[in-house]
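Next come the chains, spelled out residue by residue.
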Amino acid sequence: AGEGAALLNLATANRDHTRYDAAEVLYQEALTIGRTLQDARLQDLTLSALGTLRILQQRWDEAELLLGEALRLQQARGDTYAQVETI
């Protein structure tokens, strides 16, 4: 899970510096780790970050799907704080 969190942080740094292609690859790697480990928190953090990337890319429909998936995971865990952040 630590590797997934590190990838998530690296991806966000790339996104913040408009290196969207590099961010995409790293987010996908983090999401794969989260799904493999069944780590719902890593998954929803990554999905939210990917949703934000899609917003920056003006890919609205994809952003809505990703953020919706993150919210469903957060609701299943009862994590209202994460839901507020995602919304």
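Above: the structure in question.
Cut-offs and rules
Residues numbered from 1 in each chain as written. Predicted model: local features only at pLDDT ≥ 70, side-chain atom pairs only at ≥ 80, totals over all residues. Heavy atoms only, no water. Helix = DSSP H or I, 4+ residues; strand = E, 2+ residues; numbered from the N terminus. Contact = heavy atoms within 4.5 Å. Core = buried A, V, L, I, M, F, W, Y, C linked by side-chain atoms within 4.5 Å. Buried < 20%, exposed > 50% of the residue type's maximum accessible area, 1.4 Å probe, protein only. 1 Å grid on protein atoms, 1.4 Å probe; cavity = no way out; pocket = protein on both sides within 12 Å on 5 of 7 lines; lining within 4 Å. Points joined across faces, edges and corners; volume = space filled by probe spheres on them. Nonpolar A, V, L, I, M, F, W, Y, C, P; charged D, E, K, R; others polar.

A few words on the environment of leucine 26. Inspection of the secondary structure puts leucine 26 in helix H2 (residues 20-37). Note: C-alpha distance between leucine 26 and isoleucine 55 (29 residues apart in sequence) is 17 Å. Discounting chain neighbours no more than four positions away, the residues touching leucine 26 are Leu7, Leu10, Ala11 and Asn14.

If you look at soluble globular proteins, the nonpolar side chains tend to sit buried side by side. Counting 16 residues, the largest nonpolar core has Leu7, Leu8, Tyr27, Leu47 and Leu50 as the members making the most contacts within it. Listed by contribution, the elements that provide at least two residues to this core are helix H1 (2-16), H2, helix H3 (40-56) and helix H4 (60-77). With six residues, the single largest contributor to this core is H2. Dropping the residues within four chain positions of it, leucine 7 is found in contact with Leu26, Glu29, Ala30 and Ile33.

Attention now goes to the environment of aspartate 21. With respect to the helices, strands and loops of the structure, aspartate 21 is situated in helix H2. C-alpha of aspartate 21 to C-alpha of leucine 53: the two residues are 32 residues apart in sequence and 10 Å apart in space.

For the rest of this paragraph, the subject is the side chain of asparagine 14. Relative to the helices and strands, asparagine 14 resides in helix H1. Ignoring any residue separated from it by four or fewer positions in sequence, one finds asparagine 14 in contact with Arg19, Ala22, Ala23 and Leu26.

For the largest pocket, the calculated volume is near 180 Å³. Along the walls of the largest pocket sit Leu8, Leu45, Ser48, Ala49, Thr52, Ile55, Leu67, Gln74, Ala82, Glu85 and Thr86, which together make up its complete lining. At the level of secondary structure, the elements contributing two or more residues to the lining of the largest pocket comprise H3, H4 and helix H5 (80-86). In terms of residue count, H3 provides more of the lining of the largest pocket than any other element does, five residues in total. Taken together, the residues that form the lining of the largest pocket break down as six nonpolar, four polar and one charged.

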